[in-house]
Every structure is written in structure tokens, then in C-alpha cells.
Amino acid sequence: MSVSVHNLSKFYADQKAVDSISFEVKKGEILGFLGPNGAGKSTTMKMLTCYLPPSAGTASVCGLDIIQQPLEVKQKIGYLPENNPLYYDMYVKEFLEFALQVHSRQSTVDSRQRIKETIDLVGLNVEQHKKIGQLSKGYKQRVGLAQALIHQPEILILDEPTSGLDPNQLADIRNLIKELGKEKTIIFSTHIMQEVQAVCDRVIIINKGKLVADEKPENLQNLLSTEILIEVEFEKNILADELQQIQNVHMIDKISATQFVLHGKDSIQLRKDIFAFAVSKNNPLLTMKQENKSLEDVFLQLTSKN
Ligand SMILES: Nc1ncnc2c1ncn2[C@@H]1O[C@H](COP(=O)(O)OP(=O)(O)O)[C@@H](O)[C@H]1O
Ligand SMILES: [Mg+2]
């Protein structure tokens, strides 16, 4: 396991900002850390990167304990903190050299080479001679990523790396994270549901400090306990009363004499029953469309509980 978290907690006075969460991240995985503002994402990341001591629980990074071996842990991790703190008066290369020196102390002959490679990797070439303060937000984000990558860490911990970006920059940074994920283990936080779908192998949802889901993105919809809706259209008119005969239908909304929305629970059984019904009435079924609940619905359902 690259990262192993066991009952990790952080209390601020009597507030449980992180409340006994446990999860594991495998080598090479891209884990999305999803939750509304104030859920405890940044606090968890600060503990994993040894910036904050936990109040209780343990965690290890590449088998190294975050409390016993913080220096070794920091060598394994590249961290992009929330709001990407950078020195705006420094030049891009100057800053990356500084970041590299912070990690390696001795300046080695190949530090120039390493900086060049990193600039290539994050796509900073065209802007590499500028001051950080002169860069667009998307490019500042690339500098933040470069800083996190400079010492060739095995694990990247990125705290809301896409927040505040315009749609083009957003797509660029998401692609970059995916690309980096081919080589590294990545944990990144976001409050955007589509982002986990676009980028992650697995998603953890936290709310009010508690872990409420740990799933593959494609399984999130299964967590919904609400009923499903199926829109149907028949060729010939049909009475809503007749549709009551279909097993597993709980409720019927009429759209027109031939179109209805049927409410039920078990999608596959319900669809089979609708089909059999249409055959038995000799009334061809022209449309059968399930309204899928969006991932936002899953997120809302999981995080609106008290
Ligand atoms: N240094 C702090 N002192 C007191 N409360 C804090 C501190 N840092 C965070 N909190 C509180 O802990 C909770 C979790 O915060 P945070 O981890 O930043 O959430 P997220 O990153 O998911 O938005 C919030 O309610 C926040 O107000
Ligand atoms: Mg945060």
C-alpha cells in the first residue's frame, strides 16, 4: 500500500474536523477526495503530509509512519497545498531551483537537468522565463505542480488543484493529473463531482469529518437508494389505470395519452415487466428511457445527512 490511514482524527477544541477515518491507497492509484467545504479534506491532507499532528489514529506513507518518520515521509510526498502558495516575485526556474534545494540540500550537477525535465513534464516551457506573478492562474497551477514534483516523489497530494481555473485550464490540469497518475500514486481533493468521474480510479467522499463512501466512480450511482423513473411511450393510446397492472410500478405520471413516467425500484425487473405488458396489449413500445440520477444526486444524498 502506498498510503494507509487508520482511524485518523483531528480535533479543534471540541470540533471533530476529521473523525476517525480509515482508507488505503494502492500504488499507482488516483484517489479523488471529495467533500463539501469544511468536510475535512485539507486537514486530512495536512496530517498525511506531516504539517499537522493527528489528535488520534495513525497513517503511513510507503510504509513510513507519519508521526515517527516525518522527514522520510516528506521525501516520498509531493504536496500542492490549498490555494497554491507561491513566491510571485521569483522567476519560475529560480523558484523551482529553490524548491529542489529545500529537498536535496546539496546542489548537484544534474539539478539543472531535473528542473528542465520538470518544466517539460508540466508544460511550462513557453512561460519558463517569466516571473511567477506574471503567469495566468492555470500556469501558476503548473508551477505549483512542478514544485510538488521536483524531488521525484512517489506520491502526490494535491489539495483542490483545479479550483478557480477556467474551463480550458481545468481540462489541461485534469489531463496533466491523469498523465502524472500513470507514474505516481495521487490523492487529490475536489468538491466537484464530475472531476472524480473524469480523473479518478477511486473516490472517497467525506462529510463533516466522516467517511461516507469509498467506491469506484462508476459504482457511485448504486449507492442511491431512491426510486428510479422510466419514461415510456406506446404507439397507441393507453389508460393510466391499465398501466397499474404492471408489477413493480409504484406510481404513474401521465405526460400524454401515449407517454408516461413510471416509478419503481428494481430497474431490470421493471423494464422487463413493461416490455411484457406492451406485448400482452399488442401495443408496441416506442420509447423506454431510464432517467439516470446524476452523480450530483449521489453526492447530495450522501452529504446532506446530519
Ligand atoms: N486551524 C484550525 N482551527 C480551527 N478550526 C479549523 C482549523 N482548520 C480547519 N478548521 C475547521 O475544520 C473543518 C474542516 O476544515 P478543512 O479540512 O479545511 O475542510 P475542507 O478542506 O474539506 O474544506 C472546518 O469546519 C474548519 O473550519
Ligand atoms: Mg480545503
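Definitions and limits used
- Per chain, the residues get numbers from 1 upward, laid out in the order the sequence is written.
- Think of it this way: whatever chain is written first is A, whatever ligand is written first is 1, and the rest follow in order.
- Restriction of local features to residues with pLDDT of at least 70 applies here, the model being predicted, together with a cutoff of 80 or more for giving and counting side-chain atom pairs; totals for whole chains, interfaces and linings are based on all residues.
- Fitted lines through C-alpha atoms serve as axes, helices being fitted only where they are in contact, and the angles separating the N-to-C directions of these axes extend from 0 to 180 degrees.
- Working definition: helices are DSSP H or I runs of at least four residues, strands are E runs of at least two. Numbering for both runs from the N terminus.
- Between 65 and 115 degrees an angle is taken as roughly perpendicular, under 35 as roughly parallel, over 145 as roughly antiparallel, and anywhere else as oblique.
- Helix crossings are classified by the rotation of the near helix relative to the far one: an anticlockwise turn of less than a right angle makes the crossing left-handed, while a clockwise turn makes it right-handed.
- A residue pair is marked as a contact if its C-beta atoms, positioned from the backbone, fall within 7 Å.
- Classification used: nonpolar for Ala, Val, Leu, Ile, Met, Phe, Trp, Tyr, Cys and Pro, charged for Asp, Glu, Lys and Arg, polar for all others including Gly.
- Each residue receives a C-beta atom placed from its backbone. It is near a molecule or strand if this atom lies within 6 Å of it.
- Segmentation into domains, and thus their bounds, comes from an automatic or database assignment.
- Every C-beta atom is placed from the backbone, and the number of other C-beta atoms within 10 Å of a residue's own sets its class: buried at 20 or more, exposed at 12 or fewer, partly exposed in between.
- Between any two strands, at least two bridges found by DSSP are needed for them to pair.
- Remark: nonpolar core denotes a set of buried Ala, Val, Leu, Ile, Met, Phe, Trp, Tyr and Cys residues whose joining runs through C-beta atoms within 7 Å.

Packed helices, taken two at a time, are described by the angle between their axes plus the distance between the axes. Running from amino to carboxyl end, helix α5 (residues 137–149) crosses helix α6 (residues 167–180) at an angle of 15 degrees, the nearest separation of the two axes being 9 Å. As far as their axial angle goes, α6 and α5 are roughly parallel. In this structure, α5 meets α6 at a crossing whose hand is right-handed. Counted together, Lys-137, Gly-138, Gln-141 and Leu-145 of α5 and Gln-169, Asp-172, Ile-173 and Leu-176 of α6 form the full contact between these two elements. Looking at side-chain class alone, the contact of α5 with α6 contains 3 nonpolar, 3 polar and 2 charged residues.

With that out of the way, let us pick up the site of ligand 1. Inspection of the region around ligand 1 gives Tyr-12, Ala-17, Gly-35, Asn-37, Gly-38, Ala-39, Gly-40, Lys-41, Ser-42 and Thr-43 as its neighbouring residues. If you tally residues by element for the shell around ligand 1, the top one is helix α1 (residues 41–48), at 3 residues. Partitioned by chemical class, the residues of the shell around ligand 1 number 3 nonpolar, 6 polar and 1 charged.

Before going further, it helps to examine the domain arrangement of the protein. Split into domains, the protein comes out as domain 1 (3–222) and domain 2 (224–297). Spacing between the C-alpha centres of domain 1 and domain 2 amounts to 46 Å.

Relative to the helices and strands, Lys-272 is located in helix α9 (residues 267–280). Take Lys-272: there are 13 C-beta atoms within 10 Å of it, and that puts it in the partly exposed class. A sequence separation of 76 residues divides Lys-272 from Val-196, and the C-alpha atoms of the two residues are 33 Å apart.

To continue, consider the sheet that holds strand β12 (residues 249–254). Strand order in the open sheet formed by 4 strands is β12-β13-β11-β14, and the pairing between neighbours is antiparallel. Looking along the sheet, the strands with just one partner apiece sit at the ends: β12 and β14 (285–291). Strand-to-strand twist in this sheet, taken as the mean axis angle between neighbours without regard to direction, amounts to 25 degrees. Sitting on the sheet, α9 touches β11 (228–234), β13 (259–264) and β14, and the angle it makes with β11 is about 15 degrees.

Further remarks concern the nonpolar core. Judged by nonpolar contacts, the single largest core of 60 residues is most densely connected at Ala-146 and Ile-157. The next biggest cluster of nonpolar side chains, apart from the first, holds 7 residues, and it includes Val-232, Phe-234, Leu-270 and Ile-274.

Looking now at the packing of helix α3 (residues 92–104) against helix α4 (residues 111–121). At a minimum axis separation of 10 Å, α3 and α4 run at an interaxial angle of 120 degrees. In this view, α3 runs oblique relative to α4, as classed from their interaxial angle. Note that α3 runs across α4; the crossing there is right-handed. When α3 is examined against α4, the residues Lys-93, Leu-96, Glu-97 and Leu-100 are found in contact with a partner set consisting of Ser-111, Arg-114, Ile-115 and Thr-118. Here the contact of α3 with α4 is composed, by residue class, of 3 nonpolar, 2 polar and 3 charged.

Turning to its location among the elements, Gly-264 is positioned in strand β13. Of the residues examined, Gly-264 has 20 C-beta atoms within 10 Å and is grouped as buried. For the pair Gly-264 and Asn-248, spaced 16 residues apart in sequence, the C-alpha to C-alpha distance is 5.9 Å.

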